[in-house]
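# Examination of the molecular architecture
Here are the chains, one letter per residue:
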Amino acid sequence: MKSIISKINNELKKIFSEHGFDENHAFISISNRPELADYQINSCFNIAKALKKNPVEVATEMAGFVRDLKVEGINAFTKCEACPPGFVNLKLNDELLFLSVEEVLNDDKLGIDGKEILPSDAPKCILLDYGGANVAKPLHVGHLRVAVIGEALKRLYNRLGIKTIGDVHLGDFGLQMGLVIEQLKDDNMLDSFTISDLEIIYPKASLRAKGDKNNGIESDTEFDARAHEATKKLQNDVEPETSIWKKILKISIDDLKIRYGELNVFFDYYYGESTVKDIMGPMVDEMIKKRIAYESEGAYVIDVKEDTDKKEMPPCIVRKSDGAVLYATSDIATIKFREENFDADEYVYIVDKRQNLHLTQCFRASKKAGLLKRDKIFHHVEVGTMNGSDGRALKSRDGGVFKLETLIKDAKDKALNQLKANERDLKGLDENDIAKKIGIAALKYGDLSNSPTRDYIFDLEKFLSFQGNTGPYILYTLVRIKSIFEKLGVNKVDTKLNTDCDEIVHKIFLKSIKYGDILFDAYKNYDTSIICKYIYELSDDFNSFYHEHSIINETDENKKALYIVVCNIVDKIVRDALSILAIEIPDKM
Ligand code: ARG
């Protein structure tokens with residue numbers, strides 16, 4: 001389905017050239033003063049300049065013929081006025097608006113077809129690197145954002161017809177593994193340990209190795225050395241370290257799948273740093289042979305600086321002087337692995353912004369080393385931090401890292417208390433399940449409604465509020481519509497409309513037919529908060545409409561049919577958007 005804007009622009013081109021105007025200037029834009037107009041033509045200034053005329057004069061002449069523009073035989077505008085200093089303001093005819101609304105409602109995909117929306121050179125397949133959990137360490141709040149935003153971007157791409165490959169890229173090969181292995185040995189737990197054991201063991205082992213000066217805990221250097229040794233052993237397939245590591249990996253991944261599943265986050269692959277363990281060595285050898293990597297103070301590095309760099313760009317170290325590989329080596333080898341095993345046109349990494357230097361170095365090094373089959377886009381969505389009310393990174397009550405599990409539990413508990421306090425009538429429904437959906441929606445939406453790159457203040461009370469740009473507010477709008485439909489007994493919506501629409505209905509319809517543009521905007525900017533802002537405004541308009549109209553008691557059948565269409569289109573769009581954001585909707589709340 002072609003958007004109404006592109007249909008109008010097509011006709012505008014014709015009418016422009018009939019009147020001797022350059023058709024390259026024939027396009028309308030959404031008005032930035034919605035109280036004055038739906039759309040506007042902004043090109044009078046450029047045209048006037050070329051013709052050495054006054055922009056108002058040009059606008060007046062233009063309005064004179066645009067007034068008669070027709071789309072599918074219908075007069076497109078009910079208002080077409082020149083306005084100083086040189087715009088043409090336009091108001092869309094309701095009849096045409098109804099046709100577009102009808103098209104949206106009668107199409108499973110709500111009239112949105114990626115092939116029409118995306119430019120012809122848009123990627124056909126995108127690989128997303130998101131999640132980034134570390135094996136044997138509990139998921140902390142920092143892992144919430146990258147998982148939630150990554151999942152939403154992935155679904156957005158799918159919605160636009162782009163294939164995706166989602167890889168969690170586990171941190172499963174570093175020193176934390178050696179620490180856990182040695183501690184398990186010391187505690188005689190090799191034969192049986194669970195995920196809960198691992199969650200206690202890692203912090204214990206880490207504290208033991210590092211010590212804590214502030215609290216007078218000395219570091220256990222012998223243990224630290226053993227942990228390093230164990231890490232090296234498992235990286236070289238030595239037993240029993242390798243078998244222990246595999247067991248830890250299995251237990252952790254099983255648990256991660258549950259945790260991510262709770263958030264509606266699903267990965268195609270649970271690959272990790274260890275996936276490329278055998279690739280790294282020969283890859284670096286080859287880089288040295290080709291003189292892409294060179295020796296510097298005993299280590300091997302690749303220059304990745306470019307002339308246009310404004311920030312410092314140190315060389316990328318791929319092998320340490322003791323022969324060990326680094327985080328960068330595994331990321332570069334991962335790119336090699338992905339190029340060999342998948343055919344993505346673009347790579348999108350949804351990773352904490354503090355890793356930007358590291359990722360930029362890796363992207364450049366892999367291009368320089370010729371690891372890419374063809375030129376490709378690498379994009380780092382530089383994810384901002386979630387801060388506590390003091391503006392600093394969120395810490396748990398005892399000052400340690402904030403576990404994601406605690407956060408989810410808090411959100412569910414608080415949502416349940418709210419439901420109880422408000423004495424909602426949830427006849428026979430599972431209160432816990434509803435509270436869980438609301439709590440998780442609040443968390444996820446709180447996160448997604450902030451632009452990914454922004455740091456934001458985590459405020460659970462605010463996220464859980466039924467007012468404002470929050471998850472519960474959006475869910476409540478849908479629950480309200482559902483209940484209207486139930487009260488009216490509507491099964492099928494008649495989309496043929498036979499009445500005028502008032503201002504708020506016109507506004508809602510106009511916004512509804514813009515959904516495709518919103519998805520494109522979110523795609524282009526790697527920013528799912530654009531979708532949140534849009535559904536919030538749509539829900540807000542809907543709720544104004546709801547308060548201004550008596551839908552259930554309306555006696556005029558034509559008006560009632562119109563109101564049902566309003567409910568229906570808002571419902572369909574918001575549900576579609578929430579499925580992109582991977583947020584579940586309760587039946588009641
Ligand atoms: N495991 C890493 C961390 O917790 C994040 C991984 C991000 N992805 C990547 N390809 N480096 O910091």
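Residues numbered from 1 in each chain as written. Predicted model: local features only at pLDDT ≥ 70, side-chain atom pairs only at ≥ 80, totals over all residues. Heavy atoms only, no water.

### Comments concerning the overall build of the chain
In plain terms, the rule: Numbering goes from the N terminus for both helices and strands, where a helix is a DSSP run of H or I of at least four residues and a strand is a run of E of at least two. Exposure is judged per residue with a 1.4 Å probe applied to protein chains only, and the accessible area is read against the type maximum: over 50% gives exposed, under 20% gives buried, and values in between give partly exposed. Here, two residues are considered to be in contact whenever any of their heavy atoms come within 4.5 Å of each other.
Per the secondary structure count, the chain includes 21 helices and 15 strands. Along the three orthogonal principal directions, the C-alpha set of the chain runs to about 85 × 65 × 40 Å. Buried residues in the chain amount to 52% of all 589 residues. In the chain, the proportion of contacts linking residues at least 24 apart, taken out of those at least 6 apart, comes to 73%.

### Examining the site of the ligand
Just so we agree on the cut-off: Residues are labelled near a given molecule or strand when at least one of their non-hydrogen atoms is within 4 Å of it. Pairs of N or O atoms are called polar contacts if they sit within 3.5 Å, as long as, within protein, a hydrogen donor faces a hydrogen acceptor (for residues adjacent in sequence, only side-chain-to-side-chain pairs). Throughout, the Shrake-Rupley method with a 1.4 Å probe supplies accessible areas, and for residues the shown protein chains are the sole cover considered.
Within the structure, the ligand sits among Asp 129, Gly 132, Asn 134, His 143, His 169, Tyr 327, Asp 331, Tyr 349, Val 351 and Gln 355. In this structure, a nitrogen atom belonging to the ligand sits 2.8 Å away from a side-chain N or O atom of Asn 134. Side-chain polar atom of Asp 331 to a nitrogen atom of the ligand: 2.8 Å apart, as the coordinates give it. Starting from 350 Å² of accessible surface for the ligand in isolation, the protein chains cover 85%. Looking at the shell around the ligand, the elements with two or more residues in it are helix 12 (327-341) and strand 12 (346-352).

### Examining the packing of helix 11 (residues 277-289) against helix 12
Heads up, the rule is: To get an axis, fit a line to the C-alpha atoms, keeping to the stretch in contact for a helix; angles then go from 0 to 180 degrees between the N-to-C directions. Angles are sorted into four bins: roughly parallel if under 35 degrees, roughly antiparallel if over 145, roughly perpendicular if 65 to 115, and oblique for all others. Amino acid classes used here: Ala, Val, Leu, Ile, Met, Phe, Trp, Tyr, Cys and Pro are nonpolar; Asp, Glu, Lys and Arg are charged; the rest, including Gly, are polar.
Their axes nearest at 10 Å, the elements helix 11 and helix 12 cross at an angle of 95°. As judged from the angle between their axes, helix 11 and helix 12 are roughly perpendicular. The residues of helix 12 that touch helix 11, namely those facing Ile 279, Met 280, Met 283, Val 284 and Met 287, are Thr 329, Ser 330, Ile 332, Ala 333, Lys 336 and Phe 337. Residue composition of the contact of helix 11 with helix 12, grouped by class: 8 nonpolar, 2 polar and 1 charged.

### Quick notes on helix 17 (residues 471-488)
The α-helix winds at 3.6 residues per turn, so residues separated by three or four positions along the chain end up facing the same way. Applicable threshold: In this analysis, the expected span of each helix is defined as 1.5 Å times one less than the number of residues it contains.
Over its 18 residues, helix 17 extends 26 Å from the first C-alpha to the last, a length consistent with the 26 Å expected when each residue adds 1.5 Å. Those residues of helix 17 that sit buried are Gly 471, Pro 472, Tyr 473, Ile 474, Leu 475, Thr 477, Leu 478, Val 479, Arg 480, Ile 481, Ile 484 and Phe 485. Buried residues along helix 17 sit against helix 15 (431-448), helix 16 (460-464), helix 20 (529-548) and helix 21 (557-580). Two or three places before Tyr 473, at the opening of helix 17, Thr 470 has a side-chain oxygen 3.1 Å from that residue's backbone nitrogen. Phi turns positive, to about 65°, at Gly 489, one or two residues after helix 17.

### Focus on the nonpolar core
Test applied: As used here, the term nonpolar core means buried Ala, Val, Leu, Ile, Met, Phe, Trp, Tyr and Cys residues forming a set that is joined through side-chain atoms within 4.5 Å.
By size, the foremost hydrophobic cluster in this structure holds 185 residues, and its most contacted members are Phe 16, Met 62, Val 66, Ile 248, Tyr 260, Ile 350 and Phe 509. The element that contributes the greatest number of residues to this core is helix 21, accounting for 13 residues. Those residues in contact with Met 62, other than ones at most four positions away along the chain, are Phe 16, Phe 21, Ile 41, Ser 43, Cys 44, Ile 47 and Val 88. In this structure, Cys 125, Ile 335, Ala 344 and Phe 378 belong to the second largest nonpolar core, which totals 13 residues.

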